[in-house]
Amino acid sequence: MKTTLAAGALLVAGLGTTSAVQAEELDTIMEKGVIRIAMSGAYPPFNFVNEKNEVVGFDPAIGTEIAKRMGLKAEIVTTAWDGIIGGLLANKYDAIVGSMTITEERDKVVDFVGPYYATKRAIFTKAGSPITSVSQLGDATLGVTLGETHEEWARDQGYSIRTYKGLPELLLELENGRVDAIVNDSIAAILAMKEKGYDYAVIPDLETEAFGAGIAIREGNPKLGAAMQKALDDMMADGTYVKIAEQWVGGDIR
């Protein structure tokens, strides 16, 4: 009985210490005056590097506005998508604002703020492609971004895939005929294809549900999560979110 009570006391003490350390992360960020925000930089128009070598797009605009409302400056960090959660857990940055789909698997290792927009999975081919149905994908080669949920989905379906670093490479490979189709978030791919003047077709019979994109932070930081959520909610309520969305993606995508 004593052993059980002692173990319980140690567990409670340990939980108390952990909570205290975790709760201080927002305070540490506020003292520095800067929040480090990560994204791939290869997902136009949501985040990409412009001709001035600046990371711009919907994601950095949302992240910067959230930081501003928290009284902080935003430092944008670009990193490979397939290792982006690992970088967050290794304290290389404080949050991921990079169009990350909220999934149960990811929610086991990070906490999410949001979602801050919604989209659907879509499969695209070049205009005039003989592939017009999901049933024809068995003999096709699909392009996917390494580390995205679309890669996992395509593998689960048993499709032949090739992996790439981001959406620009996917579009180039499709345009040059090195893959038969690409799997991507619908909004990002459509906007990027229109921007580049590509002729494309969407496979119409893919059954998919809308999913939310969230802001990932390290687990156990309720103060940070609450502060970021409040900033996001406030900008959605006062019209700032819509202005940013109209600038980068052509309209409200909540």
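All figures in this text were calculated on a predicted structure; none of them were measured in a lab. (Residues numbered from 1 in each chain as written. Predicted model: local features only at pLDDT ≥ 70, side-chain atom pairs only at ≥ 80, totals over all residues. Heavy atoms only, no water.)

What follows concerns the sheet that holds strand β4 (residues 55-56). The strand order β2-β3-β4 describes an open sheet built from three strands, whose pairing is antiparallel. Each end of this open sheet is capped by a strand with a single partner; those strands are β2 (42-43) and β4. Bridge count for strand β3 (residues 47-49) against β4 is two bridges, and the pairing is antiparallel. Opposite F48, over in β4, you have V56 as the bridge partner. (Pairing = 2+ DSSP bridges. Helix = DSSP H or I, 4+ residues; strand = E, 2+ residues; numbered from the N terminus.)

Attention now goes to the nonpolar core. Counting 47 residues, the largest nonpolar core has F46, F58, I66, Y116, Y117 and M228 as the members making the most contacts within it. Looking at which element gives the most residues to this core, the answer is helix α9 (residues 222-237), with six residues. Excluding anything up to four places from it in sequence, M228 contacts I35, I66, M70, A95, V113, I215 and I217. One finds I123, L137, W153 and V183 within the second-largest nonpolar core, a separate group that totals 14 residues. (Core = buried A, V, L, I, M, F, W, Y, C linked by side-chain atoms within 4.5 Å. Buried < 20%, exposed > 50% of the residue type's maximum accessible area, 1.4 Å probe, protein only. Contact = heavy atoms within 4.5 Å.)

Looking at the secondary structure, you find E51 in the loop between β3 and β4. Relative accessible area serves as the criterion here: at 73%, E51 is assigned to the exposed category. In sequence terms E51 and D180 are 129 residues apart; their C-alpha atoms lie 30 Å from each other.

Compared with the 22 Å implied by 1.5 Å per residue over 16 residues, the 22 Å span of α9 between its first and last C-alpha is a close match. Buried residues of α9: L224, G225, M228, A231, L232, M235 and M236, and no others. Looking down the long axis of α9, one finds its buried residues gathered within 135° of arc, a one-sided arrangement. Structural note: α9 exposes P222, K230 and A237 on the side pointing more than 90 degrees away from its buried face. Just past α9, the residue G239 takes up positive phi, approximately 95°. (Expected span 1.5 Å × (residues − 1). Arc of directions from axis to C-beta.)

Attention now moves to the pattern of salt bridges. Pairs can form between side chains of opposite charge whenever their charged atoms are close. One pass over the full model with this rule turns up ten salt bridges. We note a salt bridge from R218 to E25, for which the minimum N-O separation is 2.9 Å. Residue R218 is located in strand β13 (residues 211-218), and its partner E25 is located in helix α2 (residues 25-32); the two are separated by 193 residues in the primary sequence. Among the residues examined, R218 registers a relative accessible area of 11% and is labelled buried. The class for E25 is buried, based on a relative accessible area of 17%. Note that D238 and R69 form a salt bridge whose closest N and O atoms lie 2.9 Å from each other. Highlighted residues: D238 in the loop between α9 and α10 (240-249) and R69 in helix α3 (residues 58-69), separated in sequence by 169 residues. The network of salt bridges with shared partners includes E25, R36, D94 and R218. (Salt bridge = Lys/Arg side-chain N within 4 Å of Asp/Glu carboxyl O.)

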